[in-house]
Every structure is written in C-alpha cells, then in structure tokens.
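Remarks on the overall topology
Residue-level listing of the chains:
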Amino acid sequence: MHQAYSVHSILKQGVQIESIAAYGNHVILGTRSGQLIMYSVDEETGVDMRMFNKNFSRKPITQMEVIASENLLFVLTDLQLHVCDTRRIESNFAFMHSAPDTKGCTLFTMDVDTPKSTTGRVATVIRVCCAIRRRLVFFFWKEDKLNSLELSIELSDVPRTLCWVGHAVCVGFKDEYVVYDISGKAPKKHDLFLTSSSISRDPCICLIRNNMLGISKDSYLVVVDPSQYKESDGINSSTDVRPAAIDSNSSLTPLLWSSPLLDLVWDEPFAVGRVNNAIEVRSLVGKDTLVQTIPELQKTKFLVHADKGTIFAAATSELWCIRMVEIPIQRQQLLQQKKFQLAIELTQISDEPAADRAQTIRQIHMLYAKELFTNKEFSAAMKEFEKAAIDPYDVIRLFPNLVPEPKPGTEDVTVPTASTPALEDGDLENAYLALIEYLAWARQREVVKLRDAKSSSKSLLEIIDTTLLKCYLQTNDSLVAPLLRLNQCHLEESEKTLKKHNKISELIILYQMKGKHKEALKLLREQASMEGSVLQGRKRTIRYLQELGGDHLPLIFEFADWVLNDNPEDGLTIFTDELIEVESLPRAKVLDFLISKHKALVIPYLEHVITEWKDGNTLLHNVLLKQYREKVQRLLAQQEKGEEAPELIPMRAKLYKMLEESNDYSPDRLLEEFPTNMLLEERALILGRLKKHDNVLSIYIHVLGDVAKATAYAEVHYKEDKHIFHTLIKCILIPPTQPPYDGVPLHPDFSHVNREVALEILNNHATKIDPFEIFEHLPDDMPMPQLEKYLEKSIRKMMADKHEVQMMCGFLEAESTRLENALEEQRNISFELNESSVCSECKKRFQTQSAFVRYPNGHIVHLSCHDRIARAAAQQ
C-alpha cells in the first residue's frame, strides 16, 4: 500500500447533512431542514462560504446533482425536482424551475452529453431519469425547463439506486440489478444479478471511467460494459454479464473489498469506496488492489467526486476534503513497491509535459517488463517491451545465445542483462515463444517503416529475422522455411545456424532467396549422391534450375550438365517443363548448349518446342530437319553395313512428315545441304516448296518410277500451274539421256518412251491436257485409235468451254442492254424545285443555285445534308 490521498477536515457544524454535491473546489450541502450551502475549499485560502439559502425548502434535501458547465443545480426535495442557478454568488441558488411532472420522485439520475454538430458547434444535452414510485420517467432540459421525453418504464419494485450511461439505465432494487436498454423503439430489460448471495443489502452503482458500470455484489465490485446490452439491428449483442475490458490487453475480474460497499466514487485511476469501518482506495489493475485505507473517515455517510484528484466526504454534521497526493510522490512509492501498472496509470493522468510524461511511461514499461521477465512471465514481459517501443535488439540481448553480433549503435535506453535469470529447458521454450510473438510485431513495424520510406534500418530487420530463425529452430522448425522466403535473414549467421542444426533444405532456401544460386546448386549436387539425405537425387536440382529463369542461363547450363549426364530424359525437363520460367528461356542458346554438350537431346528438345509450344521459328525448324536428315543418313549407312537400324523407318517418316506439313522451314537453305544421291523422295518435297515442278516430276518419274506420286503432285499443283500435266507427259515421252543427279540410276521403266503410262495419264486427265501442245511430243508411229478416248474427252471439254463462253457473252449483252434502258429511264425523270421546296432532312428551304441530291424515293436534300447522313452511316 501507499498513500494515495490526504484527508483535510473542512468544518464541523450543527447542520444535519442529508445530501452533497460538488464540482471543482466547490461543495454544496443539502440539510435536513431544507437549507442549501456552498463552500469553496482552497489549499491556500482555506474554507469560504460562497452561497447560503436558508429557506430553500421546508423538507430535507434528499439528493443533488450539479452541471458545472451549465451552472445548474438539480435538487430533489419534498418528492419533487427543482433546478437552481449557481452562476451568480449573490443570487444564493436562484430558483429557475420546478418540475410538477416529477411529483412523487424519490431519486433521480442524469445523463450529460456534449455532441459536436457538423458545423463544429458543441451543445450540452441534459437528460434526467426520475424514479416515481414503481416507474421510471424520462425528461430533457431545454429552454430553462424540464420537458418530457414521452418515455416511461414500469418497474417490478421501487428502485433504491439509479445510474444512467448512454443508452443504458441501470436500476438497483432491494434484491437485484437490472439494465434497461433505451436505444430502441421500446425499452428492453436485461437482468444482471442479485445484490447479494446471502442477505439483503442496499444496492450500490457507480460510473467507472465515464462509460462503465461499477456494481456492488456482496463484497465485490463488478465492472460491467453496458454496450453489450445494446440492440443492434434487432439482435441483442449479449445476454451474459461479463467484466468489461479496460484496454485491449486486459479485462477486469470482480474486485474484492474488505466488506460490502456502502458508497462508491471513481477518481481515475482509483475506486474510492465506503465500507463498514473505513474508506478504502483500490486499483482495478494488478494483483494487490488495495492502495490505501482511511480509518479516520469511518463515520462518513456521503462520498462525492468533485474534480480530478478531489473527493468530498461527509458525515451527519462533518465535512472532509480528500485530495490526491502529488503524482510524482506516489509514483516513486509505487516503483519501490514494484506496482508498475498503477504507476503507469497515474502518470497518464498527470499534468507533466507530454514529452516528459511519455518518456516516464516508457521507462516504467521497461522496468515492468524487466520485472515480468525476471519472474518468468515472458508473454506479459514482451507486451510491455512492445508498449515501451524499445529497440528489438535490446530485447534480444536478454537471450545471450541468440545475439548474432554486437550492434554498433543503440538507443540511450537499454535493457540490462546482468540480472536476468538463467533459463532452464521448459522456461527457455516459453521465453522463446514469447520472444517470437514480440519479434513478429517488431518485424511488421519495421517493414511498414521501410515501405513508407521512413527512417529504419535494414540491419535491424536482419537481426530480427535471424533471431526469429534461431527461435523457430528451437520451438517449431516448420516455420523456418516461410521465414527464409522473406529474404531478410543475415546470410552468414543464418548459414552457420542452419548447418549447425543440419537443416539442408532450409539452407537451400536461404541461398536461393539471397541470390547465392551457385552455392545452392553446389550443395544440391553434393547432397544428390549422399545416401539418406533429404535432397538425395536430382529432382530438387531440376526444380531449382527451372525456377532460375533466363537471367541465370550460364548457371543453368553449368549445373544442368551433370543432371543430363545422369538421366537425360529427366534432365531435359529443365528446358521443356510447362513453366513460365522454362518457356521463356532463349531457345537458340539452349539449342547451342545441347548441340555442343548433349547432341542426342537436340531432337527431343526441338520436337517439344515445335510440337508442344508451337514455335514457328525458322531456325529451329531448319535445325530439326537437319538433325532428322543426318540421323537418317547415319542409319542408312548402318543398314548398308548390314547392321540393324530399327529407328530408320520411324525417323525417316518424321523427316518426310515435317517436310510435307511444316510451313516454317527454309527450303532453299535445306536444299543446299541435302544429298543428291539419296533421300530423293524427301528432296522432291523440298523442290516442290520451291515450285520447281519439272525437277520434282523428273525425280518421281525418271528416278523413282512412281507414277502415282507424280500424278498426285500434278493434281495438287494444277490450280497454280495449268501446264503441269503437260510437263508430266513430256517427262514420260521424252526420256533423259543421263540421270538427273550423279550416282543415281534411271528407272528402267522410263529409260525409254513408256506409251502405256502416257496413254493412261492422257485418258485419265484429258481435260487438263491441251492436245495442241502435246501432239508435237507424241511418237510419230502412235496409232490414232489409241488416242481416241483422250481426244474425245479433250474435244468435248473444249466445246463445252466454248459454249459456256458464248452463253456468258449473251448474258452480258442482255444485262448491258437492260442497264442502258434503265439509265435512259432515269434521265427522263423530271421534277420541280422552287423557293417553297423544303429539304426532307433539315426542313430548310433551298436557296438559289444550292447543290442538292435526289434520292430514288423522290426525296430531295441539300448536298451537305446528304454528306452528313453518309458520314453517320459509315461510322455505324
């Protein structure tokens, strides 16, 4: 305990005090004989009577409430409420208003609010609730009189005490407490609890911190938040009575007193209550709530709060002033007693300069945190460190084994570590968990500072993250990987710590996030061959290389080499997997790497790029065709040596198919490297792309002897070259004297004139071969009957074409005649345009010599109107 208040006797006189009210340094007494007396109490000048009204009432003054801001005194006497003016001393409580509607009132309570309007004007709203028999009747003060609020509540019993806060009116009956919510259209009742568990006691209610209800039950003070009983969209927010939260970090439990409360006032941060044999001062925070006992005031009957730090107490004929001891003196005593929470609350309401007050509070939080840490209350200690807003490094220093390195500069306020206790395993884990929670908050604060470009140190963020890493390794190593991905840990310190705990996978993440890819890949290569390692194998290396992207291409090539040697199929996925980073790699450089180091993988790589990714790059298509050709040539050479070549047929089929279907290769470039003594069928496809039809047909006929392919080729290209069948017939009827390419023999069926094939083509494709062009190439001794079928089809086709031309000429001539007649008919149309004629579009008259347009329907418009209509139609 410590001395929070000092007691000063004000007066002892013969009047019998029935009620008391106070504000500032003024106290107002209401006597049994109906007198009103105001005293001014000053520490220097003493006690001075300021007002005295001897005959205010013939009945006792049973209750008073003063509104200092409005200079109003509400007086209850003779079961009726009266209002007096306290503005002028000489008026001696000038009478203002008597409320006849309050007749029968036994007690009342008030709610005073000062809302601010949209214009910034502040008005005082005074509402009064009167207990009249078994009813609560509500009034409001306006224009110097009490007006009815048109609201009343029927009660089950006569109330003994009342308290009004915001939307709630708390009523204390003989045996129970009830809260009425008056925020809705109709008041809603909420039962709280009994006044006592054993015997009947008078109820006691007090406002705590202006928005809480302090309610007496047995020897306890229960603090209730009235907001939990407010209607919200027709739904009550709570039906249970719970202690109200004083701040975001603590909640109040019932406060035990030495005996049941007889009266109670709140003087921040103390609850001052009248009990059986004394006045007790208690705090709502801390374990030891008793602050001071004042036994010399055991005879008091009334307590009233006047101002911050000032309370008046009265007995039947005595009056005392209870003043708070100066806060610095109290704070010194509290710090000696290690009551840090109460010291903080007192400092918060002190009149010291704001900067000094904030610094003092910060120092107390520091001391309190240190005390909590020493007592192994680690979570609470970290919350106090957080409130003190100290450098997180100073908190980390409480754990010597977590300090990464000496810090070059720290703030003036630091945490001494010499007296911190040595922590055992169980306590150490709890301390780590509390530190993790604190550092998570500190980290968030530092990240916000960096993002907002405020003063902050990246090195501090590194220390925080590195310490978090060490804590996670001690408590929950599953959180290590997510932390490392935030990329703020100190590299060397974290590397050493992870190696110490054999966290190889997490070490890879550290290297990756720090951009140390070479170190990560070296470690992956080492671990790949280690038996029992979590990184054994090549999958992690493949995934790592896939995620690097084109900016690290030399590194990818360097470490992809061993994977490709170990397993070419899996290794190729480094360059072919369906990932954005993989697809965006420069394919020409990847191709060069594979050609130089892993040529066997060039074909599958290019096949994937062209087939799966639909790459139309000419270079890639040319290279793939070249790879097909070279492989086919090697397989053919093996076959000529008598070796088996099972891949020859499918590989040649791939080459043929790509030459036939792809439109993205360069045929002239391919032709330069293509052999002339083999793969002539494939060569024919390339020549076909170059439109060298005579060379293609020569290969099909003279070398391959494949009439069907030659005929099919001519069919395909007939639309673009009408003489292609003429060229085909010439190839058959005029055999070459030597092969088209060196080292290639002529086909025996076409080393001479093959009349049967020629006649078959003539008969089958007679309509596509002009007899006038082909006759000069036919053998002189060929009998005409053999040509009968060809000539019949050809001549019929020519006659049909001529007949079609004649019919088309007739149609065109008839159409020309019709158009000439229609034009002449239009020319013969006449119409009159005079001064009274109006444009059908703008409704204006035509001026002399104005340009106009006449539509087929007869409407006439200005030329400018026509142009505007045409532009609008074009835009649609």
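Data block above holds the structure.
Bear in mind that the values here come from a model prediction, so they are computed numbers and not experimental data.

Some details on the packing of helix α14 (residues 568–576) against helix α17 (residues 602–612)
Close contact between α14 and α17 brings their axes to 11 Å; oriented N to C, the two are set at 40°. It follows that α14 is oblique to α17 by the angle criterion. Seen along the crossing, α14 lies across α17 with a hand that is right-handed. In this structure, α14 uses L572, F575 and T576 to contact α17, whose residues at the interface are P604, Y605 and H608.

Points about the sheet that holds strand β30 (residues 302–307)
Ordered by their spatial adjacency, 4 strands build an open sheet running β1-β32-β31-β30, and the pairing between neighbours is antiparallel. Two strands bound the open sheet, and with one partner strand each, they are β1 (5–12) and β30. On average, each strand axis in the sheet is tilted by 25° relative to the strand beside it, whichever way the strands run. Strand direction decides the pairing type here: strand β31 (residues 310–314) and strand β32 (residues 318–324), joined by 5 bridges, are antiparallel. Residue F312 lies in a different strand from β32, and its bridge partner there is C321.

Considering the pairing of strand β3 (residues 26–31)
Consecutive side chains of a regular strand alternate in pointing toward one face of the sheet and then the other. Taking burial as the measure, the 6 residues of β3 include 6 buried ones, the bulk of the element. Going residue by residue along β3, you find H26, I28 and G30 tucked away on one face and V27, L29 and T31 tucked away on the opposite face as well. The sheet contact formed by strand β2 (residues 17–23) and β3 spans 6 bridges and is antiparallel. The partner of A21 across the bridge, within β3, is I28. Hairpin remark: β2 followed by β3, antiparallel, with 2 residues in the connecting loop; positive phi at G24, about 55°. Of the pairings in the sheet, the one linking β3 to strand β4 (residues 36–42) comprises 5 bridges and is antiparallel in character. Bridge pairing in β4 places G30 opposite L36. Following β3, the chain reverses through 4 residues before pairing antiparallel with β4; G34 in that reversal takes a positive phi of roughly 90°.

A word on unusual backbone geometry
A negative phi holds for most residues other than glycine; trans holds for most peptide bonds. Going from E268 to P269, the amide bond is cis rather than trans, its omega being 5°. By secondary structure assignment, the location of P269 is in the loop between β26 (263–267) and β27 (270–274). Positive phi values are uncommon outside glycine, yet R133 reaches one of about 55°. On the secondary structure map, R133 appears in the loop between β11 (125–132) and β12 (135–142). Residue class for R133 comes out exposed when judged on its relative accessible area of 59%. The backbone of K691 shows a phi angle near 65°, a positive value even though the residue is not glycine. Within the secondary structure layout, K691 lies in the loop between α21 (680–689) and α22 (693–703).

Calculation rules
Residues numbered from 1 in each chain as written. Predicted model: local features only at pLDDT ≥ 70, side-chain atom pairs only at ≥ 80, totals over all residues. Heavy atoms only, no water. Axes fitted to C-alpha atoms, helices over the stretch in contact; angles between N-to-C directions. Helix = DSSP H or I, 4+ residues; strand = E, 2+ residues; numbered from the N terminus. Parallel < 35°, antiparallel > 145°, perpendicular 65-115°, else oblique. Left-handed = near helix turned anticlockwise from the far one by under 90°. Contact = heavy atoms within 4.5 Å. Pairing = 2+ DSSP bridges. Buried < 20%, exposed > 50% of the residue type's maximum accessible area, 1.4 Å probe, protein only.

Honestly, that's just the spatial picture; any functional story needs more than this.
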